[in-house]
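# Survey of secondary and tertiary structure
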Amino acid sequence: MHHPAPSADQRHRTIEAPAGRLHLVEQGTGPLVLLVHGFPESWYSWRRQLPALAAAGYRAVALDVRGYGRSSKPATGDAYRMLDLVADNVALVRALGEEQAVIVGHDWGANIAATSALLHPEVFRAVALLSVPYAPPGGPRPTDVFAQMGGEEEFYVSYFQEPGRAEAEIEPDVRGWLAGFYAALSADTMPAQGAPDPHFVARAGGRLRDRFPAGSLPAWLTEDELDVYAGEFERTGLTGALNRYRSMDRDWADLADHAGAPIKQPSLFIGGALDASTIWMADAIAAYPTTLPGLISSHILDGCGHWIQQERPDEVSRLLTSWLSGLRD
């Protein structure tokens with residue numbers, strides 16, 4: 001499989017934003033496309049899309065979300081609310097000298113992209129969501145929902161709530177933990193059906209990694225690529241990344257005025273058929289005629305797990321560039 005190599009024409013830069021500073025990597029010229037990663041990742045998750053989008057005539061920009069990589073990591077948990085991440089994205093578009101951008105997000109980045117598009121349609125003219133479907137704000141309090149999901153076990157989002165708890169599991173062996181987490185949610189290495197679900201933790205002293213597959217990396221991830229991710233999190237720690245999960249109730253309150261609101265801009269969804277994020281949110285996908293009235297196309301990739309733009313880089317890049325070219329018509 002041929003991938004465009006990360007190339008010398010990728011430019012690293014840092015801009016001033018509400019976060020303090022945001023680190024981004026930019027390639028190509030043309031209409032601006034902002035790429036927003038999820039957990040536990042970085043700008044590097046878009047390494048295959050940057051050259052593909054640049055080759056198709058776009059200015060592709062992948063950022064480190066606040067709390068990650070070389071972007072600022074504010075000390076207070078309160079600084080990771082969705083409204084602040086949206087403000088970062090607006091500031092980034094302005095700092096790049098642009099009026100508008102298309103925004104593309106994966107995992108948590110899909111939520112960030114969706115909320116950016118919802119709150120600032122004048123800036124974000126179209127939105128693509130990978131792996132995590134759009135579900136409008138509203139409904140019951142998130143921590144209440146997640147607390148009920150586990151039954152005898154604890155759902156990972158609940159496990160992530162208490163400051164320091166997940167850090168104590170992950171930080172002594174960042175590289176090993178990331179390798180296991182990536183493998184647990186990849187199509188070729190995920191636990192067999194019927195095996196204990198790696199999204200849940202046993203109640204008595206359990207850890208997430210107890211259920212991660214051991215030994216083999218997923219096919220999309222080389223040892224060198226894992227080193228890039230591990231190096232970033234060994235330097236930064238995990239608190240900035242985990243603070244996104246710890247802001248969910250705050251976001252729920254902040255966005256209450258937008259309960260049920262649709263996103264009207266042109267949109268795209270791509271999910272993996274084997275990804276729990278896509279499977280569990282089937283009702284959200286079914287509601288797209290109401291919640292995403294501007295949806296141009298929706299794709300579920302057979303045999304694909306959660307790390308969709310890395311597991312299927314060529315296919316995802318092709319779907320993105322095809323959708324983007326349609327926006328120009």
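Data block above holds the structure.
## Here's the deal with the overall build of the chain
Scanning the chain from terminus to terminus reveals 15 helices and 10 strands. For 329 residues, the compact-globule formula gives about 20 Å, and the C-alpha radius of gyration of the chain, at 18 Å, lands near that figure. Along the three orthogonal principal directions, the C-alpha set of the chain runs to about 55 × 45 × 40 Å. Across the 329 residues in the chain, those meeting the buried criterion constitute 56%. Roughly 12900 Å² of accessible area belongs to the chain as shown, and the carbon and sulfur atoms make up 52% of that amount.

## Side note on the packing of helix 7 (residues 174-184) against helix 8 (residues 223-236)
Direction vectors running N to C along helix 7 and helix 8 enclose 120°, while the axes themselves pass 9 Å from each other. One way to sum up the angle between helix 7 and helix 8 is to call them oblique. The handedness of the crossing between helix 7 and helix 8 comes out as right-handed. Of the residues in helix 8, those in contact with Val174, Arg175, Leu178, Ala179 and Tyr182 of helix 7 are Glu223, Leu226, Asp227, Tyr229, Ala230, Phe233 and Glu234. Among the residues making up the contact of helix 7 with helix 8, the classes are represented as eight nonpolar, no polar and four charged.

## Side note on the layout of surface pockets
Rolling a probe over the atoms, with the probe sized like a water molecule, indicates the empty space that remains. For the largest pocket, the calculated volume is near 1300 Å³. For the largest pocket, the lining is made up of 47 residues, of which Asn111, Ala135, Phe146, Met248 and Met281 are closest to its centre. Mapped onto the lining of the largest pocket, the elements with two or more residues apiece are helix 3 (108-119), helix 4 (142-149), helix 5 (156-159), helix 7, helix 10 (248-254), helix 11 (276-280) and helix 12 (282-286). For the lining of the largest pocket, the class distribution of residues is 35 nonpolar, seven polar and five charged. In this model, the second largest pocket occupies a volume close to 410 Å³. Surrounding the second largest pocket, 19 residues form its lining, Met190, Pro191, Gln193, Asp197 and Leu274 being those nearest its centre. The biggest single contributor to the lining of the second largest pocket is helix 11, with three residues.

Rules of the game
Sequence order sets the numbering: in each chain, residues are counted from 1 along the sequence as written. In keeping with the model being predicted, local features are shown solely for residues with a pLDDT of at least 70 and side-chain atom pairs are shown and tallied solely at 80 or more, while totals for entire chains, interfaces and linings include all residues. Values reported for side chains reflect all heavy atoms of the structure, with hydrogen atoms and water molecules removed beforehand. Secondary structure elements follow DSSP: runs of H or I of four or more residues count as helices, runs of E of two or more count as strands, with numbering from the N terminus. Radius of gyration here uses only the C-alpha atoms, and the compact-globule reference equals 2.2 Å multiplied by the residue count raised to the power 0.38. Think of it in three bands: with a 1.4 Å probe and only protein chains considered, a residue is buried below 20% of the maximum accessible area for its type, exposed above 50%, and partly exposed in between. Working definition of accessibility: Shrake-Rupley area with a 1.4 Å probe, residue cover restricted to the visible protein chains. Note on definitions: angles span 0 to 180 degrees between N-to-C directions of axes, and those axes are lines fitted to C-alpha atoms, for helices only across the stretch in contact. Oblique is the label for every angle not falling under 35 degrees (roughly parallel), over 145 degrees (roughly antiparallel), or within 65 to 115 degrees (roughly perpendicular). Each helix crossing is assigned a hand: it is left-handed if the near helix lies turned anticlockwise from the far helix by less than a right angle, otherwise right-handed if that turn is clockwise. Only heavy atoms matter for contacts: two residues are in contact if any of them lie within 4.5 Å across the pair. Residue classes follow a fixed rule: Ala, Val, Leu, Ile, Met, Phe, Trp, Tyr, Cys and Pro count as nonpolar, while Asp, Glu, Lys and Arg count as charged, and any other residue, Gly among them, counts as polar. Within this scheme a cavity is a closed region of a 1 Å grid, computed over the protein atoms alone, that accommodates a 1.4 Å probe without allowing it to escape, whereas a pocket is open but has protein on both sides within 12 Å along at least five of seven lines; lining residues each have an atom within 4 Å of a point. Grid points are joined across faces, edges and corners, and a volume is the space filled by probe spheres set on the points.

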